Amino acid sequence: MTACLLARRCRRFAWALLLIATGAVAAASPRIHWMSCPAGADAGRSAAVMRCGEFTPGDHLGSRPVRLRITRLQARPDRATPHPVVYVPGGPGDAGGQHASALRAWRIFQQTAGWPRDLVIFDPLGTGMSTPRPRCSELGGPASADALGRCFKRLGPVTAASLGARAQVADLHRLIDTLNQGSVVIWAESYGALLARRLAATHPNDVQLLILDSPVLQPLPARRRQALAYRRRRQQLLQDCRRRLVCRLSVPSLAVAIDGLIASRRRHPSMITTAEPPRRAKTVRIDGAAVRAMIMLSAYDERDDVRVIHALRHAVYEPAALSALAEPLVALDQRRGGRAPVYWSTRCSFRPVSKTAGTPAAINDPCRQWPVPRLEAVASRIDIPTLVIAGARDVLTSPLSAGQAVLRHPGWQFLPVAGAGHGVLAHDHCAQRAVARFIARDGAWLGAGSCPARANGP
C-alpha cells in the first residue's frame, strides 16, 4: 500500500516537472479575493457598505500575475444585489479609482445617486492600483514618434497587446462571470463606451442594460478629435462673449486675443509654476498646443466662462495670468506617463483598418510606432436597452453625434443635459435620478425628456 502511494506521488511529481519544463502550466481560475479597504476610505458620513478586493483573471503579464483592484458598494446593507452596475472608465487609460480619497467620493456618489443596484468599480490592467503597471517615463508629455517607438520596444509587442482593448474586454467578461450574479448593468464613460459596446457585441449575455455617459462612439485619431474639441470650445467662448455687452465691446476682440495668444506662445513658449497645497509645486511648458489644451479643458462648467475669458484677455499682456487655467493641464500632464501604455495600446487597437500609404495622415500616424493588432470587426447593432447621456456643452463628444447615434438604434434612449460638459453622471443629480428610473424599470421607456442646467457644480 505504501509503495503504491509513493509510486503515485512520484508519477504526479514527474508530470509536474514535465509541465514546468515545457511551460505548459495551466492558468489559474479567475477569482476575487476580498480584503481590507485602504485606510481612510470609509471616513465621512456615508453609511454605504463597501467591500474591497483583488480580481485575478488568471493571466500573467511577463512573469507577474495580473491583479485588478475592485470595490463593491452595496445598495443594501444586509446583502448584495443581483445584476450590479459595473463602471467602465474612459480615457483611454483612466482608472476606476481605488485610492482612499476616490473611494470616499464613490461612497457619497453611491448614496446620493440612489441606484437600486450595487456599484462595482475596478482599475483596468495597467492603471491605478492594479498590477503590473508598465510605465513610460519618456511619455510624460506630448508623445514624439521617437519616444513612442522606444517605449514600445522596451515593453515588447506581447505586453503592449496585453494592455489593449481586446484584453480589457476579456478581463471585463471574466470579472462579470466571476461575480456570478447574472448579467450586469454597464455604465461606460467617454472612451469606455467603445469597450462596452464591444463587450455587448461579443458577450451579449453579460449585459442587461447599457448606460453610455458622454460616449465616444467612433474612434477618431487623437489629433483630429482634439482639434474638433478645441474648435467647439472656442465657439462656446465666443458665443458667451456675444451675450455680454462689456465683453463684446472690448478691444481686442476675444477671437483676436485667443488666436494672438496661441501664436505668441508658439513662437515664444513660457514656463508656468502652479502650487495647490499640500501638493508640491509643478512646472509646465506653455506653448501654442498647451494654450489650446488649456482652453479645451476649461469647458466643464458654464459658470467658469467669465473667469476663463478674463484670464485669456489678461494673458495677452501678462503671461502669468494663464496660471489660472493651468491646473487641469498639470493634472493631465502628471497622468500621461502613468497611463501612456494603456492609452496607446487601446487607441491603436481601434485605429482605422487601412490608410493610403504615403499620405500625410499615414506618415504622421503615431500608431506606426505602436503596432498592436487591430480589433476584428463585430456587429455594430446592439439590441440591449441603452441610455445615452450627453452634456450640451461637451466639446470632447459632441451631443449632436450622440443624438444621431440614438436615431440609428430604435431601442436606444437619449438624455440631453443642459449646461453639462464631459462626464455627466458624476455631477448631475437629474441625470442620476433618470438612470435610477432606467435601472429600476429594467430599461423600459422613460419618455422624452431632458435635464435642465444643474444648480450644483462639479
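Residues numbered from 1 in each chain as written. Predicted model: local features only at pLDDT ≥ 70, side-chain atom pairs only at ≥ 80, totals over all residues. Heavy atoms only, no water.

Student: An account of the state of the cysteines is requested, with residue identities and associated values reported.
Tutor: As enumerated under the stated definition, the model contains four disulfides in all. Paired through a disulfide, Cys 241 and Cys 247 show a sulfur-sulfur distance of 2.0 Å. Measuring handedness by torsion sign, the sulfur bridge of Cys 241 and Cys 247 sits at about -105 degrees and is left-handed. Here the two residues Cys 241 and Cys 247 agree in accessibility, since each one is buried. Each sulfur of the disulfide joining Cys 430 and Cys 451 lies 2.0 Å from the other. Across the S-S bond linking Cys 430 and Cys 451, the dihedral sits near -85 degrees, which makes this disulfide left-handed. Within this pair, whereas Cys 430 is found in helix α15 (residues 429–440), its partner Cys 451 is found in the segment after α15, the two being separated by 21 residues in sequence. With relative accessibility at 2%, the residue Cys 451 sits in the buried group. (Disulfide = S-S within 2.5 Å. Buried < 20%, exposed > 50% of the residue type's maximum accessible area, 1.4 Å probe, protein only. Helix = DSSP H or I, 4+ residues; strand = E, 2+ residues; numbered from the N terminus.)

Student: Would you mind going over the packing of aromatic side chains in detail, with residue names and values included?
Tutor: Under the counting rule described, the total for this entry stands at ten aromatic pairs. Between Phe 152 and Trp 370 the ring centres are 5.4 Å apart and the planes differ by 70 degrees, which places this aromatic pair in the edge-to-face class. Taken together, the residues span a long stretch of sequence, with Phe 152 in helix α3 (residues 145–155) and Trp 370 in the loop between α13 (360–363) and β12 (386–391) at a distance of 218 residues. Assigned by exposure class, Phe 152 and Trp 370 land together as buried. An aromatic cluster of three or more residues is present, and its members are Tyr 87, Trp 106, Phe 109, Trp 115 and Trp 187. (Phe/Tyr/Trp six-rings, centres within 6.5 Å; stacked < 30°, edge-to-face > 60°.)

Student: Any details on the packing of helix α7 (residues 222–242) against helix α9 (residues 254–267)? Residues and values, ideally.
Tutor: Packing of α7 against α9 leaves a shortest axis separation of 10 Å and a crossing angle of 145 degrees. Residues Tyr 230, Arg 234, Leu 237, Leu 238 and Cys 241 of α7 touch α9, and the partners they reach there are Leu 254, Ala 255, Ile 258, Asp 259 and Ile 262. Within the contact of α7 with α9, the residues separate by chemical class into eight nonpolar, no polar and two charged. (Axes fitted to C-alpha atoms, helices over the stretch in contact; angles between N-to-C directions. Contact = heavy atoms within 4.5 Å. Nonpolar A, V, L, I, M, F, W, Y, C, P; charged D, E, K, R; others polar.)

Student: Break down the confidence of the model for the protein chain for me, with residues and values.
Tutor: Note that predicted coordinates carrying low pLDDT should not be read in detail. When pLDDT is averaged across the protein chain, the result is 83; 85% of the residues are at 70 or more. Of the regions scoring below 50 in pLDDT, residues 1–26 engages in three contacts with residues more than four places distant in sequence or in other chains. (pLDDT = per-residue confidence, 0-100.)

Student: Lay out the pattern of salt bridges in plain terms, naming residues and giving numbers.
Tutor: Throughout the structure, instances matching the rule amount to 13 salt bridges. Across the pair Asp 259 and Arg 234 runs a salt bridge, and its minimum N-O distance is 2.9 Å. In this pair, Asp 259 sits in helix α9 while Arg 234 sits in helix α7, placing the two residues 25 residues apart along the sequence. Exposure remark for Asp 259: the relative accessible area of 36% places this residue in the partly exposed category. Members of the salt-bridge network, linked through shared partners, are Asp 59, Asp 171 and Arg 174. (Salt bridge = Lys/Arg side-chain N within 4 Å of Asp/Glu carboxyl O.)

Student: I'd like a description of the sheet that holds strand β8 (residues 184–189), backed by residues and values.
Tutor: Spatial strand order, β1-β2-β5-β7-β6-β8-β9-β12-β13: nine strands in an open sheet with mixed pairing. A single partner strand is all that each edge strand has here, and the edge strands are β1 (31–35) and β13 (412–417). Between one strand and the next, the sheet's axes are offset by a mean angle of 25 degrees, whatever the strand orientation. Most of the contacts of helix α6 (residues 192–202) go to β8, to which it runs at about 150 degrees, and overall it touches β6 (85–88), β8, β9 (207–213) and β13. (Pairing = 2+ DSSP bridges.)

Student: Kindly report on unusual backbone geometry, identifying the contributing residues and their values.
Tutor: It is generally the case that most residues other than glycine have a negative phi and that most peptide bonds are trans. At the junction of Gly 91 and Pro 92, the peptide bond is cis and its omega measures out at -5 degrees in the coordinates. Relative to the helices and strands, Pro 92 is located in the loop between β6 and α2 (100–113). In this structure, Pro 132 follows Thr 131 across a cis peptide bond, with omega equal to -10 degrees. Even without being a glycine, Asn 180 presents a positive backbone phi close to 55 degrees. By secondary structure assignment, the location of Asn 180 is in the loop between α5 (165–179) and β8.

Student: Got a sec to walk through the environment of Arg 408? Specific residues and values, please.
Tutor: Looking at where Arg 408 falls in the secondary structure, it is placed in the loop between α14 (399–407) and β13. Separated by 27 residues in the primary sequence, Arg 408 and Arg 381 place their C-alpha atoms 8.9 Å from one another.

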